[in-house]
Amino acid sequence: MTDEPTSEPTVPRVSRRQLVRTGTLSAGVLLVAALFLIFNYLGWKYHHRFDWTGGGVYSLSDKSKSVLQELKKDVEFVVFIAPGQDLYKPVQEILSQYDAASQKVTVRYFDPERNPVEAQQLIQKYNVSSTGQVVVVSGADRRVVESADLAEFDYSGMQMGQPPKMTGFKGEQLFTGALLQIAEGRKPKILFTTGHGERSLDDRDVQGLSGIHEILGRDNFELEEWASRTAAAVPPGTDLVVAAGPTSPFIDSELKAFTSYLQGGGRMLILVDPTLGQTAGSGLIPTGLTPWLAGYGVKLGEDIVIDPKGAYPGAPPYTLFPDGYGDHPITAPLSQSGVPVLLNVARSVAAATAGNPQVAELLRTTGDGWGETSLASVENVEKDAGDLPGPVSLGVAVEGPKEEGKKAWRLVVLGDSDLATNQLVQGMPANAVLLANSLNWLAEREALLTIPPKKTENVRLNLTSGQVRTIYLTVLLLLPLLAAGLGTVVYFRRRR
Amino acid sequence: MKAVWATYTRELRAYYFSPLAYVVLFFFLFVTGVVFINLVGSLVDPRVMAPDPALSYFFRSSWLLLILLAPVLTMRLISEELKSGSIEILMTAPITEAQVVAGKYLASFTFYASLWLPTLVYALLIAQQSEVDWGPVAAGYLGILGIGALLLAIGTFASSMTRSQLVAAMVGVALVFLLFLVGLFEESVTHEGMKEALAYVNLWSHIDEFSRGIVDTRHLAYYGTGVLFFLFLATRALEDKKWR
């Protein structure tokens, strides 16, 4: 037997050990990588977003949460706001919360600059006129939220060359409003009376109502014109009747129809101007509404309201901004925001008897305003003894007595219909708010009015040049030099 | 725990007794100071739209320093020990690789957090002149600490892979930069799922949210698990060196 040299390979044995070690290492790394992915998936699925802002800018109100929880239909928010726009971030944040709060909500963003073709198709599909809108879609039903309505701006600094400052964000108010309207299903039906020289819903002229027609349509109201003169009663299923600027009298059968409609829990908005008769000194043209409204506790003044202090700059004193708003859900948002409504040739509308709790004042002039009763000429008028002293009430909201099992009637009377015309609605956004709020209150959709805008931080520094210099020196010299000084001390201590 | 504490204090001393740390602090305060001065400029000038909340601009801009800062702060951590051979002495001591890594990492994080401490002066300077909403400021710092924690863990891992501090810094910068780039891709991707996944790791949008006062647990979970993952990798790299 010869001893043959054993050729036990040592290298392969080391390789095997190395192989085992590398294998164990890789398996360990893979296992931990898998755990990393699993934990992150769970973290992503069951996440929570905390809002640390003082004003709760990114938190949904309880009202929105309950609306979202009760959603029965799928709703999609289609955003046509470019990422560079100021409103993009707050809209994105608030909608991500809607998305997180309900499985029925989805959100899609379209940047008209990056996807012009797709955005254009959708703009046509949703019938929106321009970009800068959020469309809330549920099946065939949709609402459009304009970016101009989403924020409140402070324009006070514009004369000094400052840009408008965003002082509040109304995204939640508007988006939840749109969801409520969608949840409502049926659109409240509003009939506009015709046959008495009223303003027309389809009239695109400055004196027409096509602008408000469009705005209220977006608010989920269905608006139709109605020839009341030939009707024996208000058609069943009518949620609201509007008389917008009648210039000839309503006949008895119409007033009776209105009375029985209100007795059955009906709702009416009356915009009634002081229309002068053809001949000088003939006074105001009667509409038949003065005695009828007196029966509901409303006094329609035979006057034209004048207010030199509240007049629109450069305009006659009968084109005026009301000075104050009454404490009522209709005017509360206007009173909070301080945005003015503009009226043109209005008459006084007040409670027939002072202190009637059913009648709430909505708008009033300054104390210097008055109701001019000498109607021969409204130019160069002066306040005198026979006039109605200010502050003059320009509109009221009235609610009938609440009885169990019976819907109480509601009535809003404003002493001007010009405020609803295209000319004033387009120039004065608060006019549209006043009208929409009146209709929402009449239709008992108060929920649409109650979410207050979120206030943003808005830090501005008013520093003198000396203060700015101190900040510069502190930040760019003092702090870095302190660090350098500490480093030098450490260096010399180490050398010792 | 004792072993981690011992490594932690030893490493922390090394940080604070090194003049280099103060050079880093000097440049850090100078650069963040320039960012703050820029912010003050926009808050003073009525023609410029002020950021909202005011300090969000500070966080959104100065966090970019982390691309360099995190690898620089961590490059020395393990590679120096590997190069000098002191790691072998350390390994003969009754201490595990994980404890070494944890102690060193925590020291780097403490030093990193202390770099940001003087920047609180900026918020106080604004608060002297105007009302400041402190919630978004606190959230901004939370974001800065969270993202810093993740990037320092990546740097620690890079340092455990090589004996050269320079290589460690370069690998660290490359890894961190990759993470930054991923965020930039989110904008250009149109696939919904992919977009959502990229948004999850997009540190740009994370700091944006933190700076506006939104604290999302998804981001915190991502940083926490990311830190553990990279520290695990660093530990395994160290173990691997031990056996060679």
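Cut-offs applied
Residues numbered from 1 in each chain as written. Chains lettered and ligands numbered in written order. Predicted model: local features only at pLDDT ≥ 70, side-chain atom pairs only at ≥ 80, totals over all residues. Heavy atoms only, no water. Helix = DSSP H or I, 4+ residues; strand = E, 2+ residues; numbered from the N terminus. Buried < 20%, exposed > 50% of the residue type's maximum accessible area, 1.4 Å probe, protein only. Contact = heavy atoms within 4.5 Å. Areas by Shrake-Rupley, 256 points an atom, 1.4 Å probe, with all protein chains shown as cover. Pairing = 2+ DSSP bridges. Axes fitted to C-alpha atoms, helices over the stretch in contact; angles between N-to-C directions. Buried area = accessible area lost by both parts, 1.4 Å probe. Salt bridge = Lys/Arg side-chain N within 4 Å of Asp/Glu carboxyl O. Polar contact = N/O pair within 3.5 Å; in protein donor to acceptor, adjacent residues only side chain to side chain. Core = buried A, V, L, I, M, F, W, Y, C linked by side-chain atoms within 4.5 Å. Lys, Arg positive; Asp, Glu negative; His and termini not counted. Phe/Tyr/Trp six-rings, centres within 6.5 Å; stacked < 30°, edge-to-face > 60°. Parallel < 35°, antiparallel > 145°, perpendicular 65-115°, else oblique. Left-handed = near helix turned anticlockwise from the far one by under 90°.

Undergrad: Can you lay out the overall build of chain A for me, pointing to particular residues and giving the numbers?
TA: Assigned secondary structure in chain A consists of 13 helices and 23 strands. Within chain A, the fraction of its 496 residues that count as buried is 46%. Excluding contacts between residues fewer than 6 apart, the proportion of contacts in chain A whose partners are at least 24 apart in sequence is 72%. When the accessible surface of chain A is split by element, carbon and sulfur atoms take 55% of a total near 24800 Å².

Undergrad: Any chance you could break down the overall build of chain B for me, citing the residues and the numbers?
TA: Scanning chain B from terminus to terminus reveals 13 helices and 1 strand. The N-to-C order of helical and strand elements in chain B reads α-α-α-α-α-α-α-α-α-α-α-α-β-α. Classification of the 244 residues of chain B by burial places 56% in the buried group. Taking contacts inside chain B between residues at least 6 apart in sequence as the whole, the part at least 24 apart equals 77%. Element-wise, carbon and sulfur atoms account for 71% of the exposed surface of chain B, whose accessible area totals about 10300 Å².

Undergrad: Explain unusual backbone geometry residue by residue, including any values.
TA: Negative phi values dominate among residues other than glycine, just as trans dominates among peptide bonds. Residues and elements named next belong to chain A. Residue Pro-391 is reached from Gly-390 by a cis peptide bond, and omega for that bond is -5°. One non-glycine residue, Val-345, adopts positive backbone phi at about 55°. Summarising the element assignment, Val-345 is placed in the loop between strand 16 (343-344) and strand 17 (349-351).

Undergrad: Before we move on, could you go through the sheet that holds strand 3 (residues 105-109) of chain A and cite the residues and values that matter?
TA: Residue and element names in this part refer to chain A. Across the sheet, which stays open at both edges, the 4 strands sit in the order 3-2-4-5 with mixed pairing between neighbours. The open sheet terminates on both sides in strands that have one partner only, identified here as strand 3 and strand 5 (141-146). Each adjacent strand pair in this sheet contributes to an overall mean axis angle of 20°, direction not counted. Pairing geometry for strand 4 (residues 133-138) and strand 5, over 6 bridges, is antiparallel. Residue pairing in the sheet places Val-137 in a bridge with Arg-142 of strand 5. Against the sheet, helix 3 (residues 88-101) contacts strand 2 (75-80), strand 3 and strand 4, and its axis sits at roughly 155° relative to strand 3.

Undergrad: How would you sum up the sheet that holds strand 20 (residues 388-389) of chain A? Please name residues and give values.
TA: Note: strands within a sheet are paired through backbone hydrogen bonds, in either parallel or antiparallel orientation. All names here are of chain A. Pairing in this open sheet of 3 strands is antiparallel, and the strands run 13-19-20 from one edge to the other. Whereas interior strands pair on both sides, the edge strands pair on one side only; in this sheet they are strand 13 (304-306) and strand 20. Two elements, strand 19 (residues 370-372) and strand 20, share 2 bridges in a ladder whose sense is antiparallel. Note on strand 20: the bridge partner recorded for Trp-370 is Pro-389.

Undergrad: Pulling in residues and values, what's your account of the interface of chain A and chain B?
TA: Listed by partner, the interface residues are 53 residues for chain A and 64 residues for chain B. Between chain A and chain B, a total of about 5300 Å² is buried, with carbon and sulfur atoms accounting for 65% of that surface. For the pair chain A and chain B, the number of links is 3 salt bridges. A salt bridge links Asp-216 of chain B to Arg-49 of chain A; its shortest N-O distance comes to 2.6 Å. Inspection of the region where chain A meets chain B yields 10 residue pairs in polar contact (both at pLDDT 80 or more). Mapped by element, the contributors of at least two residues to the side of chain A that touches chain B are helix 1 (10-45), strand 1 (49-51), helix 3 and helix 13 (465-495) of chain A. With 15 residues, helix 13 of chain A is the single largest residue contributor to the side of chain A that touches chain B.

Undergrad: How would you explain the nonpolar core if you had to name every residue and give the values?
TA: Formed by 86 residues in total, the largest nonpolar core has its most connected members in Phe-36, Phe-58, Leu-73, Leu-151, Leu-203 and Tyr-222 of chain B. Ranked by size, the runner-up nonpolar core spans 39 residues in total, among them Ile-190, Leu-216, Ala-244 and Val-392 of chain A.

Undergrad: Lay out the environment of Val-349 of chain A in plain terms, naming residues and giving numbers.
TA: Along the chain, the position of Val-349 of chain A falls in strand 17. For the pair Val-349 of chain A and Leu-414 of chain A, spaced 65 residues apart in sequence, the C-alpha separation works out to 6.6 Å.

Undergrad: Summarise the side chain of Asp-273 of chain A; cite the residues concerned and give the values.
TA: Residue and element names in this part refer to chain A. Here Asp-273 shows up in the loop between strand 11 (267-271) and helix 9 (289-294). No salt bridge is formed by the buried Asp-273, whose closest oppositely charged neighbour, Arg-199, lies at an N-O distance of 4.0 Å. Not counting chain neighbours up to four residues away, the residues in contact with Asp-273 comprise Arg-199, Gly-245, Val-345, Arg-347, Gly-415, Asp-416, Ser-417 and Asp-418.

Undergrad: Break down the packing of aromatic side chains for me, citing the residues and quoting the values.
TA: In this structure the tally under the stated criterion is 33 aromatic pairs over all chains. Ring geometry for Tyr-98 of chain A and Phe-175 of chain A: centres 6.2 Å apart, planes at 90°, overall edge-to-face. In this pair, Tyr-98 of chain A is assigned in helix 3 and Phe-175 of chain A in helix 6 (residues 171-184), connecting sequence segments 77 residues apart. Both residues of the pair, Tyr-98 of chain A and Phe-175 of chain A, count as buried. The structure contains a cluster of three or more aromatic residues connected by ring pairs, namely Phe-28, Phe-36, Phe-58, Phe-59, Phe-109, Tyr-112, Trp-116, Tyr-122 and Tyr-141 of chain B.

Undergrad: Provide a residue-level description of helix 12 (residues 203-212) of chain B, including the pertinent values.
TA: Residues spaced three or four apart along an α-helix point in a common direction, a consequence of the helix completing one turn every 3.6 residues. Residues and elements named next belong to chain B. Within helix 12, 8 of the 10 residues are buried, which leaves it mostly tucked inside the rest of the structure. Listing the buried residues of helix 12 in full gives Leu-203, His-206, Ile-207, Asp-208, Glu-209, Phe-210, Ser-211 and Arg-212. Where helix 12 begins, one side-chain oxygen reaches toward the backbone nitrogen of Trp-204, 2.9 Å away; that side chain belongs to Asn-202. Once helix 12 ends, the next one or two residues include Gly-213, with phi positive near 100°.

Undergrad: Now, about the packing of helix 7 (residues 97-116) of chain B against helix 9 (residues 134-160) of chain B: what can you tell me, with residues and values included?
TA: When two helices pack together, you describe them by how their axes are tilted relative to each other and by the distance separating the axes. Residues and elements named next belong to chain B. In contact at an axis separation of 10 Å, helix 7 and helix 9 are set at 140° when each is read in the N-to-C sense. Between helix 7 and helix 9, the angle is such that the two are oblique. The two elements helix 7 and helix 9 cross, and the hand of that crossing is right-handed. Every residue of helix 9 that contacts helix 7 at Val-101, Tyr-105, Ser-108, Phe-109, Tyr-112, Ala-113 and Trp-116 is listed here: Tyr-141, Ile-144, Leu-145, Gly-148, Ala-149, Leu-150, Leu-152, Ala-153 and Thr-156.

Undergrad: Could you give an account of the pattern of salt bridges, naming the residues involved and the relevant values?
TA: Scanning all chains against the criterion turns up 22 salt bridges over all chains. A cluster of three or more residues bridged by salt bridges with shared partners is formed by Arg-10, Glu-11, Arg-76, Glu-80, Glu-81 and Lys-104 of chain B.

Undergrad: Tell me about the side chain of Ser-79 of chain B, residues and numbers included.
TA: All names here are of chain B. With respect to the secondary-structure elements, Ser-79 resides in helix 5 (residues 79-84). A relative accessible area of 0% means that Ser-79 is categorised as buried. Filtering out sequence-adjacent residues up to four positions away, Ser-79 remains in contact with Ser-159, Thr-162, Arg-163, Ser-164, Gln-165 and Ala-168.

Undergrad: Tell me about the packing of helix 3 of chain A against helix 6 of chain A, and name the residues and values.
TA: Residue and element names in this part refer to chain A. Put simply, helix 3 and helix 6 touch, their axes get as near as 10 Å, and they point 40° apart. Between helix 3 and helix 6, the interaxial angle falls into the category oblique. The interaxial crossing formed by helix 3 with helix 6 has right-handed handedness. Contacts from Val-91, Ile-94, Leu-95 and Tyr-98 in helix 3 reach Gly-171, Glu-172, Phe-175, Thr-176 and Leu-179 in helix 6.

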